[in-house]
Amino acid sequence: MSFSQQPIKTGTDFDCLVIGAGFSGMYMLHLLREAGFSTRVIEKGDGVGGAWYWSRYPGARCDSESVYYNYTFSEELYNEWTWSSRFPEQPEILRYLNFAADRLDLRRDIQFNTEVRAAHFDEDENIWRLHLSDGTSVTATYFISGVGCLSINATNIPNFKGLEQFEGDWYHTGAWPHHKVNFRGKRVGVIGTGSSGVQTIPVIAQEAEHLTVFQRTPQYSVPANNHPLEEEFIQYVKNHLPEIRGKMRESLGGLPFAPFERSALDDTPEERRKVYEEAWEKGGSALFFTYPDLLTNEESNTTASEFIRSKIKEIVKDPETAEKLMPTYYYGTKRAIMDTNYFETYNRDNVSLVDVKKAPIAEITAKGVRTEDREYELDVLVFATGYDGMTGPLLKMDIRGRDGETLKQKWENGAHVRTYLGLTTAGFPNMFMITGPESPSVLGNVPVAIEQHVEWTADCLKHMRETGMDTIEATQEAEEEWSRKCREMAEATLYTKTESWYTGANIEGKPRGFLMYLGGYGPYRELCDEIAEKGYEGFALASGSNTVV
Ligand code: NA7
């Protein structure tokens with residue numbers, strides 16, 4: 001380990017402390033070091049990768065196309081890596097992140113196997129003090145969260161009665177063991193049919209003696225149509241990276257494709273069917289990115305929902321099972337899912353589907369799962385039950401700003417989240433949240449959102465240094481205005497009409513609220529740049545006793 005550079009400000013251990021060595025923390029470290037800031041990353045795991053380090057469940061794979069789901073800031077780095085397939089599996093993505101860590105020589109400034117328990121702002125000194133799981137504490141001028149929207153410290157294991165008496169093994173998809181879990185000859189239960197459940201169910205079904213899926217909400221899912229990448233395509237993307245990167249950055253969802261400009265209702269039913277059929281064949285996110293009004297117009301949305309329901313009916317042979325699998329919420333308002341043989345899996349003899357909306361899970365017993373109408377005996381239970389997303393990863397830590405106010409108090413335990421740009425929050429000076437709540441974050445190809453936040457933050461810190469400022473903090477007015485704007489945008493869509501982890505509805509007792517900025521990656525980037533160009537409009541910058549608003 002190096003932790004070598006001297007901090008610019010005397011009295012602190014580092015200029016910057018970053019939590020998490022996933023996509024965000026790794027790039028943040030790289031840019032801060034390049035800019036001459038002494039930086040340490042604190043990481044819970046014993047390796048880099050963040051969510052890709054922990055989510056090792058069978059079938060885990062990315063749902064953005066690989067050639068766009070990586071760092072694009074360096075052509076050199078980009079050209080040195082070659083993906084095997086369109087949607088690679090978790091081990092390959094983890095290998096990629098390890099390659100990037102080696103190539104950028106990041107490990108020497110990452111403290112592994114260490115959790116951040118608390119982060120407190122010291123108002124007298126204008127420094128952040130982080131309290132770590134090894135009992136030590138460490139200080140810095142800037143505190144940057146790279147914990148992401150779904151993290152290991154915020155996995156959701158529903159509070160089922162009796163889990164402690166279960167005699168079999170149980171796992172959560174987001175905290176999967178590092179060894180191979182053996183399902184051969186076992187009766188396996190999977191609870192949850194979100195992205196993780198839909199990915200793991202077909203893979204576990206191939207090995208298990210019997211698989212019982214406990215489904216609360218049926219899902220829309222489209223085929224990923226994964227395939228190996230052709231050498232010619234890979235070379236094309238490598239040769240055109242600057243142009244492709246430009247398109248990704250300007251786009252709404254971080255992908256280099258131009259969206260349709262017409263409503264689903266502008267096409268005749270036959271034209272629409274053709275559009276949807278082509279998108280279904282193409283696979284991946286093609287269907288989600290067809291008509292731009294699918295998420296704002298109920299009638300348009302119904303056309304896509306009905307199309308997918310018709311496909312489920314075609315694929316699933318047993319009409320009763322097909323009926324149980326029919327989703328009814330607005331397509332796309334829960335994370336759009338893609339799969340490899342998900343619905344086909346229900347045609348297997350060793351797979352059964354249990355509707356736990358009809359007969360909810362009453363308890364976990366020593367032998368398995370008891371719903372309100374019967375008991376299912378199981379040897380292994382898999383929780384594919386997701387995360388306390390967006391605010392969870394931050395609020396699990398004891399973060400305190402001015403006057404000792406905790407982030408939990410300020411956000412009223414999530415009931416009243418207020419941020420400025422999803423990057424900062426008033427009362428917490430010199431603290432930044434990469435892909436924080438109320439930024440566009442997970443509503444697209446996330447590495448693009450991460451690169452933008454990381455670059456903006458690094459530029460901001462350079463500005464602070466160049467202008468001799470000590471603290472930067474969102475103003476109350478700017479953040480109230482930003483949060484209001486985010487809520488208004490969400491209310492104008494169908495997103496808020498669906499219970500999902502996007503709205504906090506998946507966690508018992510969690511306050512509801514849609515915590516993403518819906519204006520799209522490209523427009524958001526422009527806005528952030530404008531704010532910086534205007535001397536960090538909406539922020540208070542202070543040096544000593546001088547404040548500039
Ligand atoms: P998700 O998408 O939050 O899915 C969780 C699933 O677990 C979903 O089907 C839930 O049903 C189900 N669930 C949650 N709690 C319960 C209880 N108490 N009983 C029964 N079923 C339950 O998590 P994933 O890990 O699949 O995906 C998270 C993100 O990771 C994903 O969006 C990608 O961005 C990557 P529900 O739909 O709430 O009725």
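Nothing here was measured: the structure is a model prediction, and the numbers come from that model. (Residues numbered from 1 in each chain as written. Predicted model: local features only at pLDDT ≥ 70, side-chain atom pairs only at ≥ 80, totals over all residues. Heavy atoms only, no water.)

1. Some words on the pairing of strand β16 (residues 380-383)
Part 1 of the reasoning: Of the two faces of β16, both are covered, the one formed by Val 380 and Val 382 as well as the one formed by Leu 381 and Phe 383.
Part 2 of the reasoning: Relative to β16, strand β7 (residues 169-172) runs parallel, the two sharing four bridges. Counterpart to Asp 169 in the pairing with β16 is Val 380.
Part 3 of the reasoning: Pairing geometry for strand β8 (residues 187-191) and β16, over four bridges, is parallel. When the sheet's bridge partners are listed, Ile 191 is paired in β16 with Phe 383. (Buried < 20%, exposed > 50% of the residue type's maximum accessible area, 1.4 Å probe, protein only. Helix = DSSP H or I, 4+ residues; strand = E, 2+ residues; numbered from the N terminus. Pairing = 2+ DSSP bridges.)

2. Structural notes on the site of the ligand
Part 1 of the reasoning: Near the ligand there are 18 residues, and of these Thr 193, Ser 196, Arg 216, Thr 217 and Lys 334 occur at the shortest range.
Part 2 of the reasoning: Here an oxygen atom of the ligand and a side-chain polar atom of Arg 216 are 2.8 Å apart.
Part 3 of the reasoning: Note that an oxygen atom of the ligand is positioned 3.3 Å from one of the backbone N or O atoms of Ala 384.
Part 4 of the reasoning: Against a free-state accessible area of 780 Å², the protein chains account for coverage of 87% of the ligand.
Part 5 of the reasoning: Class assignment of the residues belonging to the shell around the ligand gives a composition of seven nonpolar, eight polar and three charged. (Near = heavy atom within 4 Å. Polar contact = N/O pair within 3.5 Å; in protein donor to acceptor, adjacent residues only side chain to side chain. Areas by Shrake-Rupley, 256 points an atom, 1.4 Å probe, with all protein chains shown as cover. Nonpolar A, V, L, I, M, F, W, Y, C, P; charged D, E, K, R; others polar.)

3. Topic: the sheet that holds strand β12 (residues 351-355)
Part 1 of the reasoning: As summarised here, the arrangement of the five strands in space is β7-β16-β8-β9-β12, forming an open sheet in which the pairing is parallel. Of all the strands in the sheet, the pair left with one neighbour each is β7 and β12. Averaged over all pairs of adjacent strands, the angle between strand axes in this sheet comes to 20°, irrespective of strand direction.
Part 2 of the reasoning: Across the sheet, helix α5 (residues 195-207) lies against β8, β9 (210-215), β12 and β16, angled at about 160° from β9, the strand it touches most. (Axes fitted to C-alpha atoms, helices over the stretch in contact; angles between N-to-C directions. Contact = heavy atoms within 4.5 Å.)

4. Focus on the sheet that holds strand β20 (residues 539-543)
Part 1 of the reasoning: Strands sit in the order β19-β20-β21 across an open sheet of three strands; the sheet is antiparallel. If you trace the sheet from one side to the other, it starts and ends with β19 (471-474) and β21 (546-548), each paired once. The sheet shows a mean angle of 25° between the axes of neighbouring strands, direction not considered.
Part 2 of the reasoning: Two strands pair when backbone bridges link them, and β20 and β21 are joined in this way by three bridges, in the antiparallel orientation. If you follow Ser 543 over to β21, its bridge partner there is Asn 546.

5. So, the domain arrangement of the chain
Part 1 of the reasoning: Here the chain is partitioned into domain 1 (14-154 + 389-471 + 517-535) and domain 2 (163-383).
Part 2 of the reasoning: The C-alpha centroid of domain 2 is placed 28 Å from the C-alpha centroid of domain 1.
Part 3 of the reasoning: Taken together, the contact pairs 41 residues of domain 1 with 44 residues of domain 2.
Part 4 of the reasoning: At the junction of domain 1 with domain 2, the criterion picks out three salt bridges.
Part 5 of the reasoning: A salt bridge links Asp 63 to Arg 335; the nearest nitrogen and oxygen atoms lie 2.8 Å apart.
Part 6 of the reasoning: At the boundary of domain 1 with domain 2, the tally comes to 25 residue pairs in polar contact (both at pLDDT 80 or more).
Part 7 of the reasoning: Of all the elements in the fold, those that place two or more residues in the side of domain 1 that touches domain 2 are α2 (51-54), α3 (75-80), α14 (446-466) and α16 (521-533). (Domains from an automatic or database assignment. Salt bridge = Lys/Arg side-chain N within 4 Å of Asp/Glu carboxyl O.)

6. A word on α14
Part 1 of the reasoning: For α14, spanning 21 residues, the distance from its first C-alpha to its last is 30 Å, which sits close to the expected 30 Å at 1.5 Å a residue.
Part 2 of the reasoning: Most of α14 sits inside the fold, with 16 of its 21 residues counted as buried.
Part 3 of the reasoning: Once α14 ends, the next one or two residues include Gly 468, with phi positive near 65°. (Expected span 1.5 Å × (residues − 1).)

7. Focus: the packing of aromatic side chains
Part 1 of the reasoning: This model, assessed by the stated rule, comprises 44 aromatic pairs.
Part 2 of the reasoning: On the numbers, 5.5 Å between centres and 50° between planes, the contact of Tyr 517 with Tyr 524 is tilted. Here Tyr 517 and Tyr 524 have matching classes, each one buried.
Part 3 of the reasoning: In this structure, Arg 56 is placed above the aromatic ring of Tyr 53, and the distance from its NZ or CZ to the ring centre is 4.7 Å.
Part 4 of the reasoning: A cation over a ring is seen here: Arg 465 above Phe 37, with NZ or CZ 4.2 Å from the ring centre. (Phe/Tyr/Trp six-rings, centres within 6.5 Å; stacked < 30°, edge-to-face > 60°. Lys NZ or Arg CZ within 6 Å of the ring centre and 35° of its normal.)

8. Comments concerning helix α4 (residues 90-103)
Each α-helix turn comprises 3.6 residues. Residues three or four places apart therefore point the same way.
Part 1 of the reasoning: Taking 1.5 Å of rise per residue, 14 residues should cover 20 Å, and α4 covers 20 Å from first to last C-alpha, within 8% of that figure.
Part 2 of the reasoning: Residues of α4 that are buried include every one of Gln 90, Glu 92, Ile 93, Leu 94, Tyr 96, Leu 97, Phe 99, Ala 100 and Ala 101, and no others.
Part 3 of the reasoning: Of the surrounding elements, those touching the buried residues of α4 are α1 (23-34), α2 and α3.
Part 4 of the reasoning: A positive backbone phi angle near 55° is found at Asp 105, which sits one or two residues after α4.

9. Looking at the nonpolar core
Part 1 of the reasoning: Among the nonpolar cores identified, the biggest contains 107 residues, and Ile 399 and Phe 539 are the most heavily contacted of them.
Part 2 of the reasoning: Broken down by element, the residue count for this core peaks at ten residues, all from α14.
Part 3 of the reasoning: Here this core spans two domains, and each of domain 1 (14-154 + 389-471 + 517-535) and domain 2 (163-383) adds at least three residues to it.
Part 4 of the reasoning: Those residues in contact with Ile 399, other than ones at most four positions away along the chain, are Ala 119, Trp 128, Phe 143, Leu 394, Glu 405, Thr 406, Leu 407, Phe 428 and Met 431.
Part 5 of the reasoning: Residues Ile 201, Val 222, Ile 308 and Ile 337 belong to the second largest nonpolar core, which totals 49 residues. (Core = buried A, V, L, I, M, F, W, Y, C linked by side-chain atoms within 4.5 Å.)

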